[in-house]
Structures are given as structure tokens and as C-alpha cells.
Amino acid sequence: MKSLQAIQKTCKIFQTLTKIVMILCFVGSGLLLLGLICGIVISSTGAVIAGNMETLYRLTSSASFFEMVGSLLAEFVVTLTDALLFFHAWKYFSAEQADGTPFSRRGADMMKRLGILLIVLPAVSAILAWGICTIFSVPQVKAPDLGSEASIVLGIMLILVSVILHYGAELEENRDAR
């Protein structure tokens, strides 16, 4: 039982950490969207609360309006993807806490879904961000990091862990049936 208590404490810590990072990612996404809206309003009206385009270009390290829009939009997509991944991780840790064990069918299924999302979402995000950067002529140096090799490996590992958790859930069910 000591091991289960250690797992529960560790999952509680990760549940809290993923919730914090998830909230920060959603806030970051919102701020990027707000910056994008302000940039569009400033470009069409000339100013927003004593701001001007030169200030916005400096803040986004952009040389033109289209480059600024592309940078903010691409970063928004990447940050929102991260927020969604952390949301699903938080859901898994919350379910694990509610179940009281990592060895449940629901937990195994959620872990598998998280592994699949960790493979798919960063790839989709990278394609969208690349397309946005191409359309808006954002220099490659300012484009978001599009590498997702680590997420693919981690996604595969989570899928394998889900198989182990599923097996553990079956053992638990067999033990309870006796």
C-alpha cells in the first residue's frame, strides 16, 4: 500500500502542476488573441489606448503588419494546442485521483487518448503554424518551433503505458471477482 500512496501523492502533485500550466497556456492564448485584435484595430484606426503600430511591431519583433499578424496567429495556435494537451493530462490525473488507482479501465483509456493526442495535436499545430507563417511571410527565425519528435516518442510511450494500466485493471477486476 505504500506504493499506491506514493503514486496517489505523485499524481496529486502532477494534477496541480498540469492545472497551473494549462491555465497559463489558456491565458497566454487569450493574450495572443488580444494582441492580434489590438493590432488589427490599431492598423485600421491608428491607435488604441495610446498605442501605435511601431510599439506593437517592437513588442512582436515584426517588420510589417502581415508579419505581426502571422506571428501572433501562429503562436496562438501552438499555445492553444499546448493548453488542450495539458487539459487532457489534467483530466487523466483528476480521474486517477477519483478512481484511487492508476489501474482502471477509464484511466487506461484516458492515458491512451492522451498518447494519441500527443502524437496528433502537435503535428496538426505544426502544419497550421507553418501554413500561417508561409501565408503571412513570417521569417523562419520568428516562426514557432515546429519540431514534434519528442511528442511522438512520448505519445508512443503513453500508449504503451496505457496497455500496462489496462492489464493492471484486468488483474484488479479478477482479484475483486474472487
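Below or above, wherever it landed, is the structure these notes cover. The model shown is predicted, which means the values in this text are computed figures rather than measured ones.

Quick look at the nonpolar core
- In terms of nonpolar packing, the biggest core is built from 14 residues, with Tyr-92, Met-111, Leu-158 and Leu-165 touching the most fellow members.
- For this core, the secondary structure elements donating two or more residues are helix H3 (65–99), helix H4 (105–135) and helix H5 (149–177).
- Each residue touching Tyr-92, except ones within four places of it in the same chain, is listed here: Pro-102, Gly-107, Met-110, Met-111 and Leu-165.
- The next biggest cluster of nonpolar side chains, apart from the first, holds seven residues, and it includes Val-77, Val-78, Ala-129 and Ile-132.

So, the environment of Ile-152
- For Ile-152, the location among the structural elements is in helix H5.
- For Ile-152, a relative accessible area of 36% translates into the label partly exposed.
- Between the C-alpha atom of Ile-152 and that of Val-120, which follows or precedes it by 32 residues, the distance is 8.2 Å.
- Once you skip the residues sitting within four places of it in the chain, Ile-152 turns out to touch Leu-118 and Ile-119.

A short note on unusual backbone geometry
- Positioned with a positive phi, Ser-137 is a non-glycine residue whose angle comes to about 55°.
- Using a relative accessible area of 54% as the deciding quantity, one classes Ser-137 as exposed.

A look at the packing of aromatic side chains
- In the structure shown here, the tally under the stated rule is four aromatic pairs.
- Seen from their ring centres, Phe-87 and Trp-90 are 6.1 Å apart, and the 35° between their planes marks the pair as tilted. A residue pair is termed a helical-turn pair when its members lie 3 or 4 positions apart in one helix, as Phe-87 and Trp-90 do in helix H3 at three residues.
- Phe-87 gets classed as partly exposed once you look at its relative accessible area, which sits at 28%.
- Taking relative accessible area as the criterion, Trp-90 reaches 22% and is therefore assigned partly exposed.
- Between Tyr-92 and Phe-93, the aromatic rings sit 5.4 Å apart at their centres with planes inclined by 65°, giving edge-to-face as the arrangement.
- Its relative accessible area of 15% is what places Phe-93 among the buried residues.

Brief notes about the pattern of salt bridges
- One pass over the full model with this rule turns up four salt bridges.
- The residue Arg-105 makes a salt bridge to Glu-173 at a minimum N-O spacing of 2.9 Å. Here Arg-105 is found in helix H4, whereas its partner Glu-173 is found in helix H5, with 68 residues between them in sequence.
- By relative accessible area, Glu-173 is classed as partly exposed at 38%.
- In this structure, the salt-bridge partner of Arg-175 is Glu-172, at a minimum N-O distance of 3.0 Å. With a gap of three residues between them, Arg-175 and Glu-172 both fall in helix H5, about one helical turn apart.
- You can call Arg-175 exposed: its relative accessible area is 52%.
- A relative accessible area of 26% places Glu-172 in the partly exposed class.
- Here the salt bridges do not stand alone but share partners, grouping Glu-172, Arg-175 and Asp-176 into one network.

The rules behind the values
- Residues numbered from 1 in each chain as written.
- Predicted model: local features only at pLDDT ≥ 70, side-chain atom pairs only at ≥ 80, totals over all residues.
- Heavy atoms only, no water.
- Core = buried A, V, L, I, M, F, W, Y, C linked by side-chain atoms within 4.5 Å.
- Buried < 20%, exposed > 50% of the residue type's maximum accessible area, 1.4 Å probe, protein only.
- Helix = DSSP H or I, 4+ residues; strand = E, 2+ residues; numbered from the N terminus.
- Contact = heavy atoms within 4.5 Å.
- Phe/Tyr/Trp six-rings, centres within 6.5 Å; stacked < 30°, edge-to-face > 60°.
- Salt bridge = Lys/Arg side-chain N within 4 Å of Asp/Glu carboxyl O.

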